[in-house]
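A closer look at the structure
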Amino acid sequence: MANVTDLQTKYSKLAQEYSKLRAQNQVLKKAVVDEQANSASFKEQLKQRDQSLRKQEQEMDSLSFRNQQLAKRVELLQEELAVSESKGKKGKSKADSPSQHGLETQSVFDEDLQKKIEENERLHIQFYEADEHHRKQEAELMTRLQELETDSGQHHAVVDGLTTKYMETIDRLQSDKARLDVKAQTLEREAKECRMRTEECQQQLRRCQSELNRQVKQSSSVILEKVPFNDTKFGDYNSLNVPPHNRRHQLKARDVAGQALSFIQDLVAALLNFHSYTEQRVHIYPLDSSIEPISPLNQKFSQYLHENAAYVRPLEDGFLQLHQSITEDTVTVLETVVKLKGFADNFSSYTSFLLKILPYQLKSLEEECNAPLCTAALIAKNQELQNDMKRVTSVFEKLQSYIKLLALPSVRQDAMPQSSTSAVFTQLAASLHSLHDVIKEMSKHYNQKASFEQELPTITQKLCTTTECLLGSLGSLTSSTGKIATFFSNNLDFFTSSGYSPRGSTVALNPLQAESMLANKKKAAAYIHAVKQGRPQSVPYRDALSNRRVLTSSTESREGLTQQVHQSQEKIARLEQEKEHWLLEAQLGKVRLEKENQRIADLEAQLAAALGGSPNSQPAAAGTLSESHEEAEEEQQAAGRECTSLVGMLCTTPTVEHGGDESREQLIKTHYMARVGELTTQLQISDSKAVHFHSECRALAKRLAIAEKSRETLSEEVKLANQNVTRLQDELTTTKRSYEDQLSMMSDHLCSMNETLSKQREEIDMLKLGSKGNAKKNKGR
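Residues numbered from 1 in each chain as written. Predicted model: local features only at pLDDT ≥ 70, side-chain atom pairs only at ≥ 80, totals over all residues. Heavy atoms only, no water.

Description of the overall build of the chain
A tally of regular secondary structure across the chain gives 14 helices and zero strands. Walking the chain from its N terminus toward its C terminus, one meets helices and strands in the order α-α-α-α-α-α-α-α-α-α-α-α-α-α. By residue count, 28% of the 781 residues in the chain fall in the buried class. (Helix = DSSP H or I, 4+ residues; strand = E, 2+ residues; numbered from the N terminus. Buried < 20%, exposed > 50% of the residue type's maximum accessible area, 1.4 Å probe, protein only.)

Written out as structure tokens, the structure reads:
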């Protein structure tokens, strides 16, 4: 199912990416169409600007032509002026009126010429300025047009690249989709097959579990009722109830002891540092022993603190011996862990050491409070530290009492029941947590006290260094106690569980049982070693199982063969009876044949005698012969009808009178014997049918039980199918919801893409407008 869900998620992601790419493709197609339309419009605008430019050039040509005409006219006027001046010089002698008239005309022409010259100059200037401006605009527009063409080419290239990329991506996604569809179908088929196999395995597992639970219950009841050896008079004999050696328990105990040893080593190091730095602080504060002697109380306290290693080191040594005594080949319970007593004694000696130095600690703190520069805050912190010292000592006393209780079963048997042991372990865990809390509070108060001491004017660097070291030792002590408390709480179930207990009882394991257990373990190891070397002393378990299977199958085959032999014997008896019956029938047939032959001979003799008497009597003899045949047949039929009784029917034939009685008795005897044989055969057949019907009934009963079991399994399958239907409906709803969320995300994405496209279109329109304006300017120039 995990593969199917992964495929569904991948398929949904691919569908989402495909829809996004499809939407982007549509958008890009629209953008390409718009760009093509824009380029066409740009071309039209360019044509229009070219036309306007041609018009302006024509206008400029016309203006230049006009300018040339005006220049020619000016030249003509100048020539006329020169001619008129020459004529005026020649005719000065003439009358004044004509000359005056000529001067006026000349002045008019001069003014007109001056205006035309100024206008021509102004037009030249305007033409030059317009030409320069047109050239500048044309250059700008050409550069702008080139930039736009390059941008358009790049844009077209990008659009083409994206189109090809998206088409390749779409093709690849379609192929991936088809491949994933095929893979999903195969996986669905495999998932269905796996579900079917899983359901079958689950059914088999349920049947096996029910059968195993039944066997376990039966075996447990047998073990509890019959296997344990409990002697009520002599309790020592109960050591025969030896539990099996639990190697896993021993490895766990070894591991736990190793972890505890590392924590104890950290605790011992922290305690040594704490007591050593406390001794250094006593020599420094409130009086420095290098300058003046300290008080006798502090001297005694320092002397006791100097002896701390003699009480702290044995804790590590005792627990190390305890850890070394726990091996894979030992039995680790409270009754057999003898080294725990040594660790308990060492812990008691350290607790007594704490009780011995507690008054001196309290007096030392009081002496610090009596110092002249001690503030009220320092006095309050010293009082809190006094309370912390008392609480630490009381917690160590509790731990001492609990450890002694745990070490007591290894010294004296039946010292503590299992329930009390669990309670002691629980209280020990609580005490370790309280120790951690108390030391944490003491470290906090020492930190506050150190911060207050830093503000004193008489503080020295030596005292600051010692105080920092003391705070570090308190921090490590807090960490180690916290680790020990957490470790003990995590392994509390292991401590309170009984790894070993005699079969059929809940009492604790005694050393005698432990020795028996180890002896049995050594014997088992020796036997396994012998088996590995090819020298087994007994039949292996697998061979015994195979032999039992062979024996069971041979027993079943023997029962089947016995039944077949019984059936064959019954068939043989039935055939023997049928044989005897047909033998009797054959004898009766022979007797009847002899009688018929004798009667025919008698009749032939009578016929011959009658024929020898008179020839006229032949028809009469023939008639008498036929009548005698008819009478014989009637007598035989009557005799056959007469011999019917409850036993059967006896068929007799008339015989001659001299041998009739003896043959009749013989026939009756043989008939009754045959009838008895037939009844015996019928009885045997009825018995065989009864046996057959009984076996068929047993088979039907088994089939009924199998049908009931199959009905139960089918009902369970129906339940599982209903559960699967509900689960699939939930998955369908979640899938629909996820698809709706994806569609909403896609719609949001499309909206954002449309917004970006609209912005791009606006920018393109602005660029187009700018290019149109530049083109118009170029055409105007």
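More follows now that the structure is in view.
What about the nonpolar core?
Judged by nonpolar contacts, the single largest core of 68 residues is most densely connected at Leu340, Tyr350, Met442, Tyr446 and Phe488. Elements that contribute at least two residues to this core include exactly helix H3 (247-284), helix H4 (296-306), helix H5 (309-325), helix H6 (339-369), helix H7 (376-407), helix H8 (418-454), helix H9 (461-490) and helix H10 (492-496). Tallying contributions element by element places H3 first for this core, with 14 residues. Beyond its immediate chain neighbours, meaning those up to four positions away, Tyr350 contacts Leu271, His275, Tyr311, Val312, Leu315 and Phe396. (Core = buried A, V, L, I, M, F, W, Y, C linked by side-chain atoms within 4.5 Å. Contact = heavy atoms within 4.5 Å.)

Some details on the packing of H3 against H4
Between H3 and H4, the least distance of the axes is 9 Å, while the angle of their chain directions is 160°. Taken together, H3 and H4 sit at an angle that is classed as roughly antiparallel. With respect to the hand of their crossing, H3 and H4 are arranged in left-handed fashion. For the pair formed by H3 and H4, the contact residues are His275, Thr278, Glu279, Val282 and His283 on the first element and Asn298, Phe301, Ser302, Leu305 and His306 on the second. Grouping the constituent residues of the contact of H3 with H4 by class yields three nonpolar, six polar and one charged. (Axes fitted to C-alpha atoms, helices over the stretch in contact; angles between N-to-C directions. Parallel < 35°, antiparallel > 145°, perpendicular 65-115°, else oblique. Left-handed = near helix turned anticlockwise from the far one by under 90°. Nonpolar A, V, L, I, M, F, W, Y, C, P; charged D, E, K, R; others polar.)

Quick look at the packing of H3 against H9
Between H3 and H9, the least distance of the axes is 8 Å, while the angle of their chain directions is 155°. Regarding the angle of H3 to H9, the classification is roughly antiparallel. In this structure, the crossing between H3 and H9 has a hand that is left-handed. Of the residues that constitute the contact of H3 with H9, the class distribution is 16 nonpolar, 10 polar and four charged.

Digging into the environment of Asp388
Relative to the helices and strands, Asp388 is located in helix H7. For the pair Asp388 and Met442, spaced 54 residues apart in sequence, the C-alpha to C-alpha distance is 5.7 Å. Other than its neighbours up to four places away in sequence, Asp388 contacts Val438, Glu441, Met442 and His445.

Re the pattern of salt bridges
Within the structure shown, the criterion is met by 18 salt bridges. Put simply, Arg206 and Glu716 hold a salt bridge, and the shortest N to O gap is 3.2 Å. Note that Arg206 is positioned in helix H2 (residues 96-226) and Glu716 in helix H14 (residues 660-780), a separation of 510 residues in sequence. Here Glu716 falls in the partly exposed class, since its relative accessible area comes to 29%. Here Arg727 and Glu731 are joined by a salt bridge, their closest N and O atoms 3.0 Å apart. A residue pair is termed a helical-turn pair when its members lie 3 or 4 positions apart in one helix, as Arg727 and Glu731 do in helix H14 at four residues. Owing to a relative accessible area of 27%, Arg727 belongs among the partly exposed residues under this scheme. Judged by its relative accessible area of 26%, Glu731 falls in the partly exposed class. (Salt bridge = Lys/Arg side-chain N within 4 Å of Asp/Glu carboxyl O.)

Describing the packing of aromatic side chains
The tally for this structure, following the rule as stated, stands at 10 aromatic pairs. With 6.5 Å between their ring centres and 5° between their planes, Phe301 and Tyr360 make a pair best called stacked. You can see Phe301 sitting in helix H4 and its partner Tyr360 sitting in helix H6, a full 59 residues away along the chain. Between Phe343 and Phe347, the aromatic rings sit 6.3 Å apart at their centres with planes inclined by 40°, giving tilted as the arrangement. Taken as a pair, Phe343 and Phe347 lie in helix H6 at a separation of four residues, close to a single helical turn. Across the pair, Phe347 and Phe343 agree in class, each one buried. A cation over a ring is seen here: Lys252 above Phe494, with NZ or CZ 6.0 Å from the ring centre. It is Lys768 that lies over the ring of Phe42; its NZ or CZ is 5.1 Å from the centre. (Phe/Tyr/Trp six-rings, centres within 6.5 Å; stacked < 30°, edge-to-face > 60°. Lys NZ or Arg CZ within 6 Å of the ring centre and 35° of its normal.)

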